[in-house]
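Tertiary structure, described
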Amino acid sequence: MPNWCANYTTFRGSKENIEALNNAINKAIERESAERNAQAIHSSDVKEGYFFDLYSNGIEHEELTIFYETKWSPNIDDLAILCKEFGVDAETEFNESGEQVYGTAKLYSDGTYLTEFVEQEFLDLIEYDICTDLYTYNGEDYGVFEEIIDDHYSTWKNNNL
């Protein structure tokens, strides 16, 4: 059984392109529900993984945000295909806590992208207490692991890399 990678992606582009992408995503959501099987959204071959448990919050101000899961790792190549196919840019955040894969990617309408993974050296500084169900970083307790990354990784990176 795979570990699951949670993905949160926001697409930006022209109203027309975002609406076309939204239609494709809604069709994939309908197929997933009917078939009870993960889906590809783009028309090209799947590179890294299908979209599982796909959810969209709809279009807001020429932006479209989706939430979904992939097996083991983010599907950056598939998102790049989507961006190129629909002429949109995107930003995605992903995390797979079992293997400690955390990061972000910026994707562009030409199909290129820049990915940044959170350094393992930073992740090793975070401790988990099974008794309290809390994570500790730098003497502070957190209930959510990703909150530590959001609040402290940039500063740590600037000071240590």
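In what follows, the accompanying structure is described. Just so it is clear, the structure is predicted and the values come from calculations on it, not from any experiment. (Residues numbered from 1 in each chain as written. Predicted model: local features only at pLDDT ≥ 70, side-chain atom pairs only at ≥ 80, totals over all residues. Heavy atoms only, no water.)

**Points about the pattern of salt bridges**
Applied cut-off: Salt-bridge detection follows one rule: a side-chain nitrogen of Lys or Arg within 4 Å of a carboxyl oxygen of Asp or Glu. Strands are runs of DSSP state E lasting at least 2 residues, helices are runs of H or I lasting at least 4, and numbering of each runs from the N terminus. For every residue, the accessible area (1.4 Å probe, protein chains only) is compared with the maximum for its type, and the residue is labelled buried under 20%, exposed over 50%, or partly exposed between those bounds.
A full pass over the atoms with the stated rule returns three salt bridges. For E91, the salt bridge identified is with R12, shortest N-O distance 3.8 Å. Here E91, found in strand β4 (residues 89-96), pairs with R12, found in strand β1 (residues 4-12); they are 79 residues apart in sequence, far enough to count as distant. For R12, a relative accessible area of 33% gives the class partly exposed. One salt-bridge network, held together by shared partners, links R12, E63 and E91.

**Digging into the layout of surface pockets**
We count it as follows: Here a cavity is any set of points on a 1 Å grid over the protein atoms alone where a 1.4 Å probe fits but cannot get out, and a pocket is any open set with protein on both sides within 12 Å along at least 5 of 7 lines; a residue lines the site when it has an atom within 4 Å of a point. Grid points are joined across faces, edges and corners, and a volume is the space filled by probe spheres set on the points. Note on residue classes: Ala, Val, Leu, Ile, Met, Phe, Trp, Tyr, Cys and Pro are nonpolar, Asp, Glu, Lys and Arg are charged, and everything else, Gly too, is polar.
The space that makes up the largest pocket amounts to roughly 380 Å³. Contributing to the lining of the largest pocket are 20 residues, with E93, G103, T104, I149 and D150 lying nearest its centre. Only β1, β3 (63-71), β4, β5 (101-107), β6 (113-117) and α4 (145-160) provide two or more residues apiece to the lining of the largest pocket. Among the elements that take part in the lining of the largest pocket, α4 stands out by supplying six residues, more than any other. Residue composition of the lining of the largest pocket, grouped by class: ten nonpolar, five polar and five charged. In this structure, the second largest pocket occupies an estimated 160 Å³ of space. Secondary-structure elements contributing two or more residues to the lining of the second largest pocket are β1, β4 and β5. For the lining of the second largest pocket, a count of residues per class yields two nonpolar, three polar and four charged.

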